[in-house]
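Reading the structure
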Amino acid sequence: EVQLVESGGGMVQPGGSLRLSCAASGFSFSSYHMSWVRQAPGKGPEWVSGINTGGGSTYYVDSVKGRFTISRDNHLKTVTLQMSSLKPEDTAVYYCYGKQSGVDYWGQGTQVTVSS
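This section reports on the structure supplied with the text. (Residues numbered from 1 in each chain as written. Predicted model: local features only at pLDDT ≥ 70, side-chain atom pairs only at ≥ 80, totals over all residues. Heavy atoms only, no water.)

1. Considering the nonpolar core
Within the largest apolar cluster, 28 residues are counted, with the highest numbers of intra-cluster contacts made by Met34, Trp36, Phe68, Val79, Leu81, Met83 and Tyr94. Elements represented by at least two residues in this core include exactly strand E3 (18-25), strand E4 (33-39), strand E5 (45-51), strand E7 (68-73), strand E8 (78-83), strand E9 (92-100) and strand E11 (110-114). Top contributing element to this core by residue count: E3, with 4 residues. (Core = buried A, V, L, I, M, F, W, Y, C linked by side-chain atoms within 4.5 Å. Buried < 20%, exposed > 50% of the residue type's maximum accessible area, 1.4 Å probe, protein only. Helix = DSSP H or I, 4+ residues; strand = E, 2+ residues; numbered from the N terminus.)

Pasting the structure below:
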């Protein structure tokens, strides 16, 4: 059974930090490009960050550059999103997403709320 299980979400004050993790199982994780996608209340999904299969190339939406860092561990089959200097506009459900040749896998999401 394919599973992507996110953890690490929660509530944090503006300027704070959170570390999201996604644990993968049931598929060849190291062959998949991994991403984080978020969806804020009342808005459509927004791609946030991606990382290639080997972890050597990372990508970010402009609004999080310099604040978020994506990484992966192919041995542990995990992908992590370190988020710092969080802003209220970062509030959303964050989803872990894996893609390879048209095959997509999604996690169930973890809520991140940035509020004072």
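2. Here's the deal with the sheet that holds strand E1 (residues 3-7)
If you walk across this open sheet you meet the 4 strands as E1-E3-E8-E7, and the pairing is antiparallel. Bordering the open sheet on either side are E1 and E7, each of which pairs with just one other strand. Between one strand axis and the next, the sheet turns through 15° on average, direction left out of account. Relative to E3, E1 runs antiparallel, the two being bridged by 5 bridges. Looking across to E3, one finds that Ser7 is bridged to Ser21. (Pairing = 2+ DSSP bridges. Axes fitted to C-alpha atoms, helices over the stretch in contact; angles between N-to-C directions.)

3. Side note on the state of the cysteines
If you walk through the whole model with that rule in mind, you get 1 disulfide. Residue pairing for Cys22: its cysteine sulfur links by disulfide to Cys96, the two sulfurs lying 2.1 Å apart. Judged by the sign of its S-S torsion, about -80°, the bond between Cys22 and Cys96 is left-handed. Placement of Cys22 in strand E3 and of Cys96 in strand E9 is noted, with a sequence separation of 74 residues between them. The pair formed by Cys22 and Cys96 is uniform in burial state, with each residue classed as buried. (Disulfide = S-S within 2.5 Å.)

4. So, the side chain of Thr113
Within the secondary structure layout, Thr113 lies in strand E11. Side-chain polar atoms of Thr113 contact the side chain of Gln111, separated by 3.3 Å. Excluding residues within four positions of it along the chain, Thr113 makes contact with Gly10, Met11, Val12 and Thr91. (Polar contact = N/O pair within 3.5 Å; in protein donor to acceptor, adjacent residues only side chain to side chain. Contact = heavy atoms within 4.5 Å.)

5. Re the pairing of E11
Here E11 lies mainly inside the structure; 4 of its 5 residues are buried. Examined bridge by bridge, strand E2 (residues 10-12) and E11 share 3 bridges and lie parallel to one another. By the bridge assignment for E11, Gly10 is matched with Val112. Across 3 bridges, the pairing between E9 and E11 is antiparallel. Looking at E11, one finds that Ala92 is bridged to Val112.

6. Some remarks on the pairing of E9
When a strand is regular, its side chains alternate between the sheet's two faces. In this sheet, E9 lies alongside E4 in antiparallel orientation, the contact comprising 7 bridges. Its bridge partner being in E9, Gln39 is matched across the sheet by Val93. Relative to strand E10 (residues 103-106), E9 is paired through 4 bridges, and the arrangement is antiparallel. Across the sheet, the residue bridging to Tyr97 is Trp106, located in E10. Linking E9 to E10, which pair antiparallel, is a turn of 2 residues; within it Ser101 sits at a positive phi near 50°.

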